[in-house]
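Structure at a glance
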Amino acid sequence: GCSGFQYTMDFEKEQKDGDLVLDQSGGLKLFVDPMSAMYLQGVTVDYIQGLQGAGFKFINPNAKNTCGCGSSFSA
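Just so we're clear, the structure is a prediction, and the values are computed from it rather than from any experiment. (Residues numbered from 1 in each chain as written. Predicted model: local features only at pLDDT ≥ 70, side-chain atom pairs only at ≥ 80, totals over all residues. Heavy atoms only, no water.)

**A closer look at the side chain of Asn60**
Quick reminder of the rule: By definition, any uninterrupted DSSP run of H or I lasting at least four residues is a helix, any uninterrupted run of E lasting at least two residues is a strand, and each is numbered from the N terminus. Only protein chains enter the accessibility calculation, which uses a 1.4 Å probe. A residue is then buried if its area is under 20% of the maximum for its type, exposed if over 50%, and partly exposed in between. Between N or O atoms, a polar contact is any pair within 3.5 Å; within protein, one atom must be a potential hydrogen donor and the other a potential acceptor, and residues adjacent in sequence are included only when both atoms are from side chains.
Turning to its location among the elements, Asn60 is positioned in the loop between strand S5 (53-59) and strand S6 (65-66). For Asn60, a relative accessible area of 11% translates into the label buried. Looking at Asn60, its side chain comes within polar contact range of the side chain of Tyr7, at 3.3 Å.

The following block contains the structure:
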């Protein structure tokens, strides 16, 4: 992304070696690779709907800078 690191999410059927597994309510499991986990400590993910569409919003207390669209950050 334009500020450095970029947030991405994908669907996975199973975890990969070394993944951190977070069990959420409703049976949802989140898999986070070890490299990304260190940059995502304390991150909150929210789903928002607005005039410009809907999507996930990442609130990262560790981000020192973010881009205007909010899809990338620097730590």
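The structure having been displayed, the exposition proceeds.
**Focus on the pairing of strand S4 (residues 44-50)**
This is how the line gets drawn: Here, strands pair whenever DSSP counts at least two bridges between them.
In terms of strand pairing, S4 meets S5 through seven bridges, oriented antiparallel. In the strand pairing of S5, Ile48 is matched with Gly55. Here S4 hands over to S5 after two residues, the two strands then running antiparallel side by side.

**Brief notes about the environment of Tyr47**
Formally: Residues are treated as being in contact if the distance between any of their heavy atoms lies within 4.5 Å.
In this structure, Tyr47 sits in strand S4. Distance from Tyr47 to Phe58, taken between C-alpha atoms, is 8.9 Å for residues 11 residues apart in sequence. Leaving out residues up to four positions away in the same chain, Tyr47 has contacts with Ala54, Gly55 and Phe56.

**Some details on the pairing of strand S2 (residues 20-23)**
Within a regular beta strand, the side chains point alternately toward one face of the sheet and then the other, so they alternate between its two faces. Two strands pair when backbone bridges link them, and S2 and strand S3 (residues 29-32) are joined in this way by four bridges, in the antiparallel orientation. By the bridge assignment, Leu20 is partnered in S3 with Val32. With antiparallel pairing between neighbouring strands as the criterion, S2 and S3 make up a hairpin whose turn holds five residues, including Gly26 at a positive phi of roughly 80 degrees.

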